[in-house]
2 protein chains.
Amino acid sequence: MTTVISKATLQRLPIYLNYLKSMADAPEYISATTLANALRLGEVQVRKDLACISDAGKPKVGYMTKDLVAVLEDYLGNDVNDAVIVGVGHLGKALMAYKGFEEYGFKIVAGFDLDPALIGKEVAGKKVFGVEKMENLIRRLGIKIGIITLPKECAQETADKLIAAGIRAIWNFSPAYIIVPDNVAVKNENMASSLAVLSKQLKELLLSEK
Amino acid sequence: MTTVISKATLQRLPIYLNYLKSMADAPEYISATTLANALRLGEVQVRKDLACISDAGKPKVGYMTKDLVAVLEDYLGNDVNDAVIVGVGHLGKALMAYKGFEEYGFKIVAGFDLDPALIGKEVAGKKVFGVEKMENLIRRLGIKIGIITLPKECAQETADKLIAAGIRAIWNFSPAYIIVPDNVAVKNENMASSLAVLSKQLKELLLSEK
DNA sequence: CCCGTATCGATAATTTCGTATCGATATTGT
DNA sequence: ACAATATCGATACGAAATTATCGATACGGG
């Protein structure tokens, strides 16, 4: 365990956790085989992923479910990060209301927007501020993660402001491709990329039946 | 060109297209080097990706921008797929209003929801129907793609209904992991996976400066 | 009590993906 | 016209990820 965890594995860990927690009738033990079948993954792959964070697998029975959940939660959420969101449109509101981030050590503490109709309101219990308060508030609270849910025109400009205020990781949902300095992490969430994969799969499915 | 296109490449193609189209002052020609620098990718990687779909690169000058856009659009959107969306909450509305899907051969034609206050209304010019109309409408229009933006409780059940109605590709934004038959494509969009990667990057960044 | 089987962990093989290198070619400057 | 250079496409190499294989171990059934 506690070896170097590859990016690919890291992306699967939340999926295991999510699946385990969503099981209504969780058995006491669960095997890699069972998990693999349920999630459409390779049996060996699951075992290898789990080996990174757990060493409690037993032949013939599998892993104790509650232990597995515990180590996954521990690994994924071991330090809670506060985050702010810029752009309280539909997507921004959806993310602010998304239950489940906090399970992964992630907490949205405030939103920012230009719209006076939104400022001062609350969304999912989180207050919405005017963007002019943004830099000050981020700096004061020492927040490191910023989420951008804005039209692409203002995305880069906002990213620059966030970075100037001390943000070190940006999750960008705008269609714009954001460029940041090397000492800032960025994840450009591109809907079209996911879609391209799905669309290709569909095409192949339909073709294979002709 | 027209070789087998890997999944990794396929995911980058929309990014190239998006970048090229978003350039305000697009030059007549653009080189792989320029693209690579702008998108923080390897120069050779970009060239290799583009080689899959284009053969119009010229030494010293690069690719003719409008040709590149044309082949990318052609490849990514060569068959327009109609799609429906189930769950017209914040996220559903955000996707319905998302400009940019149609550039990738993808068109949301209707939404479905349970809320009587929404039924009959329009979101971004698309009508919202009651879920009881869902199966009929999908079958009648021969729609193949369904997007699920519902709470996790109803996700699997809805997926089953969609499939029964003839849907062959599901884009699932609910936190639930959806299981489908082999002849249906599914993409479980897991926010937590993206987040895990970003969060780890941030942690490493902060650690490396200590 | 022993044998068959499901499962684990580890190692090895294969595949996929990314990167480096090299000759070829078009443009620019002299 | 010719040399210098940026870029392309192709090939070869290396790294990463997935998949296959194997011995070891725990449980259940004769």
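Residues numbered from 1 in each chain as written. Chains lettered and ligands numbered in written order. Predicted model: local features only at pLDDT ≥ 70, side-chain atom pairs only at ≥ 80, totals over all residues. Heavy atoms only, no water.

Caption draft 1: Up close: the packing of helix 1 (residues 7-22) of chain A against helix 3 (residues 43-53) of chain A. All names here are of chain A. Relative to each other, helix 1 and helix 3 sit at 90°, their axes nearing to 10 Å. When the axis of helix 1 is compared with that of helix 3, the two are roughly perpendicular. On helix 3, the residues touching Thr-9, Arg-12, Leu-13 and Tyr-16 of helix 1 are Gln-45, Val-46, Asp-49, Leu-50, Cys-52 and Ile-53. Among the residues forming the contact of helix 1 with helix 3, the class breakdown is six nonpolar, two polar and two charged. (Axes fitted to C-alpha atoms, helices over the stretch in contact; angles between N-to-C directions. Helix = DSSP H or I, 4+ residues; strand = E, 2+ residues; numbered from the N terminus. Parallel < 35°, antiparallel > 145°, perpendicular 65-115°, else oblique. Contact = heavy atoms within 4.5 Å. Nonpolar A, V, L, I, M, F, W, Y, C, P; charged D, E, K, R; others polar.)

Caption draft 2: Quick peek at the layout of surface pockets. The calculated volume of the second largest pocket comes to roughly 900 Å³. Along its surface, the second largest pocket is lined by 38 residues, and Thr149(A), Leu150(A), Pro151(A), Lys152(A) and Pro175(A) are the ones closest to its centre. Broken down by secondary-structure element, the contributors of at least two residues to the lining of the second largest pocket are helix 5 (90-97), strand 4 (106-113), helix 7 (152-164) and helix 8 (191-208) of chain A together with helix 1 (7-22) and helix 5 (90-97) of chain B. If one sorts the elements of the lining of the second largest pocket by residue count, helix 7 of chain A sits on top with six residues. (1 Å grid on protein atoms, 1.4 Å probe; cavity = no way out; pocket = protein on both sides within 12 Å on 5 of 7 lines; lining within 4 Å. Points joined across faces, edges and corners; volume = space filled by probe spheres on them.)

Caption draft 3: Focus on the protein's contact with DNA strand D. Near DNA strand D lie 20 residues; those nearest to it are Gln45(A), Lys48(A), Ala32(B), Arg47(B) and Tyr63(B). In the interface set of DNA strand D, defined as its atoms within 4 Å of the protein, sugar plus phosphate atoms amount to 67%. For DNA strand D, a phosphate oxygen lies 3.4 Å from a polar atom in the backbone of Gly57(B). Between Lys60(B) and DNA strand D, the recorded distance is 3.2 Å, taken from a backbone N or O atom to a sugar or linking oxygen. Looking at the surface near DNA strand D, the elements with two or more residues in it are helix 1 and helix 3 of chain A together with helix 2 (32-39) of chain B. When the residues that make up the surface near DNA strand D are grouped by side-chain class, the tally is seven nonpolar, six polar and seven charged. (Near = heavy atom within 4 Å. Polar contact = N/O pair within 3.5 Å; in protein donor to acceptor, adjacent residues only side chain to side chain.)

Caption draft 4: Molecular detail of the protein's contact with DNA strand C. Taken together, 20 residues surround DNA strand C, and among them Ala32(A), Arg47(A), Tyr63(A), Ser6(B) and Pro59(B) come closest. Among the atoms of DNA strand C close to the protein, meaning within 4 Å, 69% are from sugar or phosphate groups. At 3.0 Å, a side-chain N or O of Arg12(B) approaches a phosphate oxygen of DNA strand C. One of the side-chain N or O atoms of Gln45(B) is found 3.3 Å from a sugar or linking oxygen in DNA strand C. Those elements that provide at least two residues to the surface near DNA strand C are helix 2 (32-39) of chain A together with helix 1 and helix 3 (43-53) of chain B. Residue classes in the surface near DNA strand C are distributed as seven nonpolar, six polar and seven charged.

Caption draft 5: Representation of the environment of Asp160(A) in the model. Of note, Asp160(A) is situated in helix 7. On the basis of relative accessibility, which here comes to 39%, the residue Asp160(A) falls in the partly exposed class. (Buried < 20%, exposed > 50% of the residue type's maximum accessible area, 1.4 Å probe, protein only.)

Caption draft 6: Layout of the nonpolar core. One finds Phe106(A), Trp171(A), Phe106(B) and Trp171(B) to be the most contacted residues of the largest nonpolar core, which totals 48 residues. Counting 28 residues, the second largest nonpolar core, distinct from the first, contains Leu17(A), Ile30(A), Leu35(A) and Leu76(A). (Core = buried A, V, L, I, M, F, W, Y, C linked by side-chain atoms within 4.5 Å.)

Caption draft 7: Structural context of the interface of chain B and chain A. Of the residues lining the interface, 62 residues belong to chain B; the matching set on chain A comes to 60 residues. Taking both sides of the interface into account, the surface hidden between chain B and chain A amounts to around 5,700 Å²; carbon and sulfur atoms contribute 66%. Where chain B packs against chain A, one counts two salt bridges. Among the salt bridges present, the one from Asp182(A) reaches Arg40(B), with a minimum N-O distance of 3.5 Å. (Buried area = accessible area lost by both parts, 1.4 Å probe. Salt bridge = Lys/Arg side-chain N within 4 Å of Asp/Glu carboxyl O.)

Caption draft 8: Expanded view of the pairing of strand 3 (residues 81-86) of chain B. All names here are of chain B. Of all six residues in strand 3, five are buried; the element is thus mostly enclosed. Pairing of strand 3 with strand 4 (residues 106-113) involves six bridges; the strand directions are parallel. Considered in strand 4, the bridge of Asp-82 is made with Lys-107. Taken together, strand 3, helix 5 and strand 4 constitute a β-α-β crossover, and its handedness is right-handed. Summarising the sheet, strand 3 and strand 7 (residues 145-148) pair through four bridges and their orientation is parallel. Bridge pairing in strand 7 places Ile-85 opposite Ile-147. (Pairing = 2+ DSSP bridges. Right-handed = clockwise from strand over helix to strand, strands pointing away.)

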